[in-house]
Amino acid sequence: MTEILDIDGSVLEGGGQILRNSISLSAILGIPVRVKNIRAGRKSPGLAAQHLKGIQLVAEMCQAKLSGAHIGSTDIQFIPGKIRGGQYLADIQTAGSVSLLLQVALPCALMADSPVILDLKGGTNVDMAPQIDYMNEIFRENLKNFGAKYSWKLIKRGYFPRGGGHVQVTVNPIQSLNGVTFHDQLYRGPLFVNIWSFVAGKLPVKIAYEMANGAKDKIDMNYPVYISCIKDQQYVRNNCSGILLWSPIGNGTVIGIDALGKGPTDAFEAGQKIGTDFMKLLNSSVSLDSHAQDQMIIYMCLANGKSMVHTGEITLHTKTAIHIAETIAKTKFTIRPDGDENFIECNGLGFCNKNISINN
């Protein structure tokens, strides 16, 4: 058996991302790992429900030998097998983020031996994680540049504290990932700006419109703006509101920003704040926003050939993702400063999915 690789879960970001990236790469590359000191710096160290379900989901997908996987555990061992297609259910049973379940499972599903259906249940629009709408409108579009696609169906939204959301994701495995260049040196500018906002529970839909109008108030008038506002009629138990702004920028990538409503904050002012932040993003020359930045690292690591992305300040999550990729996959990333911005470059592994035939 291949020697087990030890991963320190307390370094850098010191949270769930180390675990997610370690388990994904372990399953794909067939490298057994032991992750120690899981979330050691957090107020409640060890595995929370969403981390546990994510590990168990990937373990089921690749028939792994898994030990130490229980709530509160700070040390797990994961010995992967072959990634199998099929339908898999992961129900966090809290408002833990389904987007984070998707983060750990999607790279593995792309390298399965046949199509994968993921039924992910938990929180769809919750704090401390990308909203599922961000994953659909921004992450999913950027992923297409690697030659990877998935379809999704939003069955039900779920919010803090009860969750109850359900998203179904369908993935067709691929042979390999393409290297990417996310850089718009030749031209810059959004084609248009989308603003989407929602409310749920007892909140009136006018709050969604106030948020959207506040955001629009800060968008340069030269950009066409399209607004969509909804009230979630399925979910009435807890109040929630949120907003998402995004734009294709003409080079095959999409940049965006999302936020949840915060307590009694004036909705119009909250919208203005996110609109201001989005305009800063548009007025920069980056091709990846800060939330997409770290999510691209695992795909750059596995891709065939050189990848280069132009982004802003390197986030701690991105530094963590790079550290795990270099530790497990032995790829080398280079960060090249460009004023206040940065280029991230990587010569990918050129990983080939031998589980499927080339014509699959």
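Structure report, in brief. The model shown is predicted, which means the values in this text are computed figures rather than measured ones.

1. Observations concerning the environment of E341
Now for step 1: Tracing the chain through its elements places E341 in strand β16 (residues 341–347).
Now for step 2: Residue classification places E341 among the buried positions, given a relative accessible area of 14%.
Now for step 3: Remark: the alpha-carbon pair of E341 and Q87, spanning 254 residues in sequence, is separated by 41 Å.
Now for step 4: Setting aside residues up to four positions removed in sequence, E341 forms contacts with S284, S285, V286, H310, T311 and G312.
Now for step 5: Side-chain polar atoms of E341 contact the side chain of H310, separated by 3.2 Å.

2. Topic: empty space enclosed by the protein
Now for step 1: For the coordinates displayed, the defined rule picks out two cavities of 30 Å³ or more.
Now for step 2: Roughly 90 Å³ of internal volume is contained in the largest cavity.
Now for step 3: Put simply, the parts of the chain that give the lining of the largest cavity at least two residues each are α1 (16–29), α3 (98–110), α7 (290–295) and α8 (297–302).
Now for step 4: For the lining of the largest cavity, the per-class residue count stands at four nonpolar, four polar and one charged.
Now for step 5: Considered as a void within the structure, the second largest cavity measures approximately 70 Å³ in volume.
Now for step 6: Of the residues assigned to the lining of the second largest cavity, the class counts are five nonpolar, three polar and one charged.

3. Structural notes on the sheet that holds strand β14 (residues 306–311)
Now for step 1: The four strands are arranged β9-β14-β16-β15 in an open sheet whose pairing can be described as mixed. Edge strands, defined here as strands with exactly one partner in the open sheet, are β9 (181–182) and β15 (333–338).
Now for step 2: Across the sheet, helix α9 (residues 316–328) touches β15 and β16, and the angle it forms with β15 is around 150°.

The rules we used
Residues numbered from 1 in each chain as written. Predicted model: local features only at pLDDT ≥ 70, side-chain atom pairs only at ≥ 80, totals over all residues. Heavy atoms only, no water. Helix = DSSP H or I, 4+ residues; strand = E, 2+ residues; numbered from the N terminus. Buried < 20%, exposed > 50% of the residue type's maximum accessible area, 1.4 Å probe, protein only. Contact = heavy atoms within 4.5 Å. Polar contact = N/O pair within 3.5 Å; in protein donor to acceptor, adjacent residues only side chain to side chain. 1 Å grid on protein atoms, 1.4 Å probe; cavity = no way out; pocket = protein on both sides within 12 Å on 5 of 7 lines; lining within 4 Å. Points joined across faces, edges and corners; volume = space filled by probe spheres on them. Nonpolar A, V, L, I, M, F, W, Y, C, P; charged D, E, K, R; others polar. Pairing = 2+ DSSP bridges. Axes fitted to C-alpha atoms, helices over the stretch in contact; angles between N-to-C directions.

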